[in-house]
Amino acid sequence: MIIAGENIVYVDNASTTQKPQCVINAIVDHYKGSNANVHRAGYELANRATLAYATARSRVAELVNSDVNEIVFTRGCTESINLLSRSIKLKPGDEVVVSMMEHHANIVPWQEACKRSGATLKFIPLNGYRLDLEAAKKIITKKTKIVSVVHISNVLGVINDVKQLVDLARNVGAYSIIDAAQSVPHMNVDVKDLGCDFLTFSSHKMCGPTGIGALYGKLHVLETLDPFQYGGDMIDTVTCQDSTWNRVPHKFEAGTPAIEAAVGFGVAAQYVKERYDPSRENGLIKHLYGQIEAMINLVGELDSSILSFTVDNVNMYDLATYLGLKGVCVRVGHHCAMPLCESLGVKAVLRVSVYMNNTIEEMDHVADCIREGVKKLC
Ligand SMILES: Cc1ncc(COP(=O)(O)O)c(C=O)c1O
């Protein structure tokens, strides 16, 4: 892949993805021909902007098989979870259940919500690199108000059986939340099939722009929640002392939204739906693993498009820097999952994460560079 005139192998897709021309064009075209604020005027340009924003919502809804009004636009997966952690009301004695393999985005908002309310945060432990579902059955009880778990771990590459966790949550009357930041970009995720109450994801991890993401929520559940932020667009009526709320999803979208980002997100949703191929991506990862298996310690499982590892006697930051100098873009560190890394006893993990535009030749090149780097550094 040529980026800024340089030949680069970009394998940091779990962090963010490169953008296809159709997404870039959609944003530029929007600015050139439809730029106005949404929902607030009768003139043609504003009608076009409003229509573009609504179309983007339908495209994102289609990607996860939801109804259009069940998609709330947020700033990303992190803000979607923050919204829920503020809008779902907890009380002392309530329990929130997450897992040991969560991204900080699905831990810290709940820590804060528990501190505010007197609720308790509980963790489903791991069995090897997978969730211990037998332990989950004991941890999820009548006290549980929320079960919030990641679909695909951004560190371990493990695909979790979230449907089973949704069922466990439903059986005790708890809300189920799926952090789908790493699954929606890569595979068919159908909210009706999963049966979850909420599902969160980000545009930038699926070929779309940064600064926008989505919260899917069952309409009747979203209708029961309080707004997250207050101001324009989210209201129905305002008097000097009180206000009433707009209908869902607008109730959760205070202020001028990221209109052009939504347009790009919508086009990206269509783009990935037509092209994603989880088995091809997994094949690339397995091909790479086959070439470096003897020299690395795999951290996780080869379920998805992610390969994480450490190497004995090699500093992973040094190896990532070496790969960077060779034009191979990987990520290293705790990957915003410090409790997980701590529990596994690893400080820094190197992660290769592929997407639809990566090739087998690139995997060969990455393997060669890893072999060279390890030889030089150990
Ligand atoms: C599993 C997971 N959840 C949540 C997030 C947060 O996403 P964002 O930074 O787009 O809000 C990430 C980002 O890496 C992630 O991998």
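The structure displayed is predicted, hence computed values, not measured ones. (Residues numbered from 1 in each chain as written. Predicted model: local features only at pLDDT ≥ 70, side-chain atom pairs only at ≥ 80, totals over all residues. Heavy atoms only, no water.)

Enquirer: Whenever I open this one, the packing of helix 3 (residues 77-87) against helix 4 (residues 108-117) confuses me. Can you help?
Expert: Axis angle and axis distance: for two packed helices, these are the angle between their axes and the distance between the axes, and together they describe the pair. Closest axis-to-axis distance for the helix 3/helix 4 pair is 9 Å, and the angle between their directions is 10°. Comparing their axes, helix 4 and helix 3 come out roughly parallel. Considering only the axes of helix 3 and helix 4, their crossing is right-handed. Contacts from I81, N82, L84, S85 and R86 in helix 3 reach P109, W110, A113 and R116 in helix 4. The residue inventory of the contact of helix 3 with helix 4, partitioned by class, reads five nonpolar, two polar and two charged. (Axes fitted to C-alpha atoms, helices over the stretch in contact; angles between N-to-C directions. Helix = DSSP H or I, 4+ residues; strand = E, 2+ residues; numbered from the N terminus. Parallel < 35°, antiparallel > 145°, perpendicular 65-115°, else oblique. Left-handed = near helix turned anticlockwise from the far one by under 90°. Contact = heavy atoms within 4.5 Å. Nonpolar A, V, L, I, M, F, W, Y, C, P; charged D, E, K, R; others polar.)

Enquirer: Explain the nonpolar core here, please?
Expert: Across soluble globular proteins, nonpolar side chains show a tendency to be buried alongside one another. With 71 residues, the main nonpolar core has F73, L165, V184, L199, F201 and M206 as its most contacted residues. Broken down by element, this core gets its largest block of residues, nine residues, from helix 9 (residues 259-275). Two domains each put at least three residues into this core: domain 1 (21-274) and domain 2 (277-377). Beyond its immediate sequence surroundings of up to four residues, M206 is in contact with T17, L63, V184, P185, F201, F265, A268, A269, V272 and Y355. Of all hydrophobic cores here, the second largest spans 30 residues; its members include V11, L302, F309 and V352. (Core = buried A, V, L, I, M, F, W, Y, C linked by side-chain atoms within 4.5 Å. Buried < 20%, exposed > 50% of the residue type's maximum accessible area, 1.4 Å probe, protein only. Domains from an automatic or database assignment.)

Enquirer: Please clarify how the environment of K32 should be interpreted in this entry.
Expert: Here K32 is to be found in helix 1 (residues 21-33). By relative accessible area, K32 is classed as exposed at 71%. In the structure, K32 is positioned 247 residues away from S279 in sequence and 39 Å away in space, judged by C-alpha atoms.

Enquirer: How do you make sense of the domain arrangement of the chain when you look at a structure like this?
Expert: The figure often quoted for interface size is the accessible area lost as the parts come together. Structurally, the chain comprises domain 1 (21-274) and domain 2 (277-377). Distance from the C-alpha centre of domain 1 to the C-alpha centre of domain 2: 29 Å. With 26 residues of domain 1 at the interface, the matching set in domain 2 holds 25 residues. Of the roughly 2100 Å² buried where domain 1 meets domain 2, counting both sides, 61% is carbon and sulfur surface. Joining domain 1 to domain 2, the criterion identifies two salt bridges. (Buried area = accessible area lost by both parts, 1.4 Å probe. Salt bridge = Lys/Arg side-chain N within 4 Å of Asp/Glu carboxyl O.)

Enquirer: Explain the site of the ligand here, please?
Expert: For the ligand, the full set of nearby residues is C77, T78, H103, A105, V150, N154, D179, A181, Q182, S202, H204 and K205. The contact in question runs from a nitrogen atom of the ligand to an N or O atom on the side chain of D179, over 2.6 Å. Taken together, the residues that form the shell around the ligand break down as four nonpolar, six polar and two charged. (Near = heavy atom within 4 Å. Polar contact = N/O pair within 3.5 Å; in protein donor to acceptor, adjacent residues only side chain to side chain.)

Enquirer: What is the right way to read the side chain of S148 from this model?
Expert: Inspection of the secondary structure assignment puts S148 in strand 9 (residues 144-150). Within the structure, S148 has its side chain in polar contact with the side chain of N106 (distance 2.7 Å). For S148, the residues in contact, after removing those within four places along its chain, are V97, V98, S99, E102, N106, W110 and I177.

Enquirer: I keep staring at helix 1 and nothing clicks. Help me out?
Expert: One turn of an α-helix holds 3.6 residues; hence residues three or four places apart share an orientation. Here helix 1 spans 18 Å end to end across 13 residues, near enough to the 18 Å set by a 1.5 Å rise per residue. Within helix 1 the residues assigned to the buried category are V23, A26, I27 and H30. Seen along its axis, helix 1 keeps its buried residues to an arc of 95°; they face one direction. The exposed set on the far side of helix 1, more than 90 degrees from its buried face, consists of Q21 and K32. Next to the buried residues of helix 1 lie helix 2 (44-63) and helix 9. (Expected span 1.5 Å × (residues − 1). Arc of directions from axis to C-beta.)

Enquirer: Hey, could you run me through the pattern of salt bridges in this one?
Expert: Between side chains of opposite charge, a pair can form when the charged atoms approach closely. Across all of its chains, the model carries 18 salt bridges by this definition. For K91, the salt bridge goes to D94, with nearest N and O atoms at 3.1 Å. Between E112 and K115 there is a salt bridge, with its nearest N and O atoms 2.7 Å apart. You can see E112 and its partner K115 sitting in helix 4, three residues apart, about one turn around the helix. Overall, the relative accessible area of 34% leaves E112 in the partly exposed class. Judged by relative accessible area, K115 falls into the exposed class, the value being 63%.

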